[in-house]
Structure formats: C-alpha cells, structure tokens
Amino acid sequence: MNVRYRRRSASSALHSVGEGLRALPRPVAVVVGGGGVLGAAQVGIGYALEQRGFVPDLVIGTSVGALNGAIAAAHPGKAAPWLDVVWTRVRRREVFPLGYLPSRASICTDRGLRRLIARAGLPSRIEQLEVPFTAVAMDLATGAQALLDHGDLESALLASAAIPGVLPPVVRDGRTLVDGGVIALVPVRAALQAGAASVVVLSTGPTSWPLRPAIPPRRAGAVAARAGLLLWHAQIERDLHEVSQQIPTVVLPTGIETWPAPWDFGHSQRLINTACLSAGRFLDGLRVSGPGLYRVDGPPAASAGLGQGRTASVPGVGR
C-alpha cells in the first residue's frame, strides 16, 4: 500500500501516538526478525516507536531479534536506550569467539552470547517480562517451529540465536533447538498464532525489500550469498502476504541502502541513527484502514533517501 509522508521536526523529543499506530487493532504484536548486526537498525526503529509513545501488547522475536525483543518486553516504552548501549559496545569477538570449540556441533562457543544476555538486565523466566514474549526457534529433529513463551529465558534466547554450525544447538525440554531464522526469519505467523490482531514488523536487511533482478554472480561465496538472500526473501514475502490478508501488517523501514556484514558490529551507531529517521518519517505518514501490507515499496535509494554515506545525528538517540 502507498504511504503518505509528513515531515516531522527533528527537535521534537516525544510525540503522541500517531494516527496510524492508534488505528491498529489490539492486541498489537511487535515482530522482531533476525540478522546479526543488522539488529542494530531495530534499535533505531525502537527509538522512533518510543518517541511516539507506542508500547506493544506482545513481542515475538527470532534470532538476534529475540534478544532485542526480550529487552523491549522487559522495559516497555524505554528499551531503546538499553539496546543502544548493548549494540554500540558489543564486538564480533564477544558474540562469535573463534578458537574455543565447545563441541563438534559448532565453530564458536556461546559463552559470549551468554555474557551479553547476562548484561541485558533481564529476569530469569519469560513469564517475568513486563510484556508477553515469545522467542522462535526451530526443532532440529522435526524442522517444526518452536514457540518458546514460558520457562527459562536464557535458554530460549540461546536457542533462538543458535546459528546452525556457528553456535551450539540448545537442548530445551527434550528438544534440540537451533536458530529460528531458518524457518521464520520474520515470525509474523507466530504473532498471528499468538492472537495478534495487528503486527508491527521491525525489518532488517535487504531480505525485507522487494528484490530486483540481478546479474547472477560467478564466485562461490557470492553464489551462496545470493541464493540465501533469495531463499529468505521468498520465505518472508510468503509469510507477510499470508498474515496481511487477515490483519494489518506494518513493515517499518530502516532507510539503509548498504549493509555491513552480519558480524561487523562497527557500524551499529550509523544503523541506529539512520533507521530512527527513516522509521519516524514513515510512522508520521502511516494511515491504516483494515487488513493489508503497509510498507515502503523498493530499497531506500528510491524511497527514504538515506544511504550509507548520510548518517544523521538524531536527538535522543545514541550518546
């Protein structure tokens, strides 16, 4: 659907809930997808939502989106500053420490991810979060989606982020679980299953854009990357269109044209600032009228106009 834009003052620190957000049927689920460092952009989107007074009724997260989502569920309406500190201080070697093989099942240990979770100010159990929360993982035995909405929070987050072969699988309640992004990189179907009447999607990366045809690459790594992009894109588009036929489905833009590698955490502040501006402009022009898919069509160069080289400082964002 087409979205009308209304430019807002960058100096405004707090907004009332916008017309589009107010029109969303309750309960509203925030859906937070996966993507490594691309999750930093979700922090910027979080700032834009919180500046407009928006608090979700439930949060569903996959992979890194599960960690972001759990922090949002623990600190409703004020999670973005917590997440800002996490993302601007973390480094690759903390999350993906090489050289410490815990088993034959992965090339990295999860000790860094455990430390990151421990520093996030989270309760020990999912039920203790302020907002109902679900982490999405995949059952490695059956391939089924595993919805982790109760019990130990740390193991749920570790399972949802257990990139196959990179981080170790997690055994939880008798099941061997791995990264939920394998089966649901953007878990909107899980939100519908949880009873959401509308969803707000914190999108990440180029998999969230309508893809353009490209010249097929020839090098092995590029071939694999392109194939993975197409696979995830098809999965996301299928799920978004299925859910949007039943409930309003809002996909918030990041405004980022060129993304770093998923393990390159040195770009976090740029991603946060750019996504805050782009999502804010989108929200200020959002109009919702029943079920449908509400998003910007096309990559940022054609829509938000905020590329890699144009990082703005946003009042109230970062330090």
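Look a little higher up for the structure.
Residues numbered from 1 in each chain as written. Predicted model: local features only at pLDDT ≥ 70, side-chain atom pairs only at ≥ 80, totals over all residues. Heavy atoms only, no water.

### A short note on helix α2 (residues 40-51)
- Across its twelve residues, α2 extends 17 Å between first and last C-alpha, which sits within 8% of the 16 Å expected from 1.5 Å per residue.
- Within α2, twelve of the twelve residues are buried, which leaves the element mostly enclosed by the surrounding structure.
- Those residues of α2 lying buried are A40, A41, Q42, V43, G44, I45, G46, Y47, A48, L49, E50 and Q51.
- Just beyond α2, the residue with positive phi is G53, at close to 75°. (Helix = DSSP H or I, 4+ residues; strand = E, 2+ residues; numbered from the N terminus. Expected span 1.5 Å × (residues − 1). Buried < 20%, exposed > 50% of the residue type's maximum accessible area, 1.4 Å probe, protein only.)

### Things to note about the packing of helix α6 (residues 111-118) against helix α7 (residues 153-160)
- Relative to each other, α6 and α7 sit at 130°, their axes nearing to 11 Å. Relative to α7, α6 is oriented oblique. With respect to the hand of their crossing, α6 and α7 are arranged in right-handed fashion. Within the contact between the two elements, α6 uses L113, R114 and I117 and α7 uses E154, L157 and L158.
- Residue classes in the contact of α6 with α7 are distributed as four nonpolar, no polar and two charged. (Axes fitted to C-alpha atoms, helices over the stretch in contact; angles between N-to-C directions. Parallel < 35°, antiparallel > 145°, perpendicular 65-115°, else oblique. Left-handed = near helix turned anticlockwise from the far one by under 90°. Contact = heavy atoms within 4.5 Å. Nonpolar A, V, L, I, M, F, W, Y, C, P; charged D, E, K, R; others polar.)

### So, the pattern of salt bridges
- Scanning the model with the defined rule gives nine salt bridges in all.
- Of the charged contacts in the structure, one is a salt bridge between E127 and R125, with a shortest N-O distance of 3.4 Å.
- For E127, a relative accessible area of 46% corresponds to the partly exposed category.
- Exposure remark for R125: the relative accessible area of 39% places this residue in the partly exposed category.
- The salt bridge partner of D239 is R238, with a shortest N-O separation of 2.8 Å.
- Overall, the relative accessible area of 43% leaves R238 in the partly exposed class.
- Shared partners join several salt bridges into a network, and the residues in it are D110, R114 and E154. (Salt bridge = Lys/Arg side-chain N within 4 Å of Asp/Glu carboxyl O.)

### A few points about the packing of helix α3 (residues 64-74) against α7
- Between α3 and α7, the shortest axis-to-axis distance is 7 Å and the interhelical angle comes to 145°. Here the hand of the crossing between α3 and α7 comes out right-handed. Facing A66, L67 and A70 of α3, the residues of α7 in contact are L153, L157 and S160.
- Split into classes, the residues belonging to the contact of α3 with α7 amount to five nonpolar, one polar and no charged.

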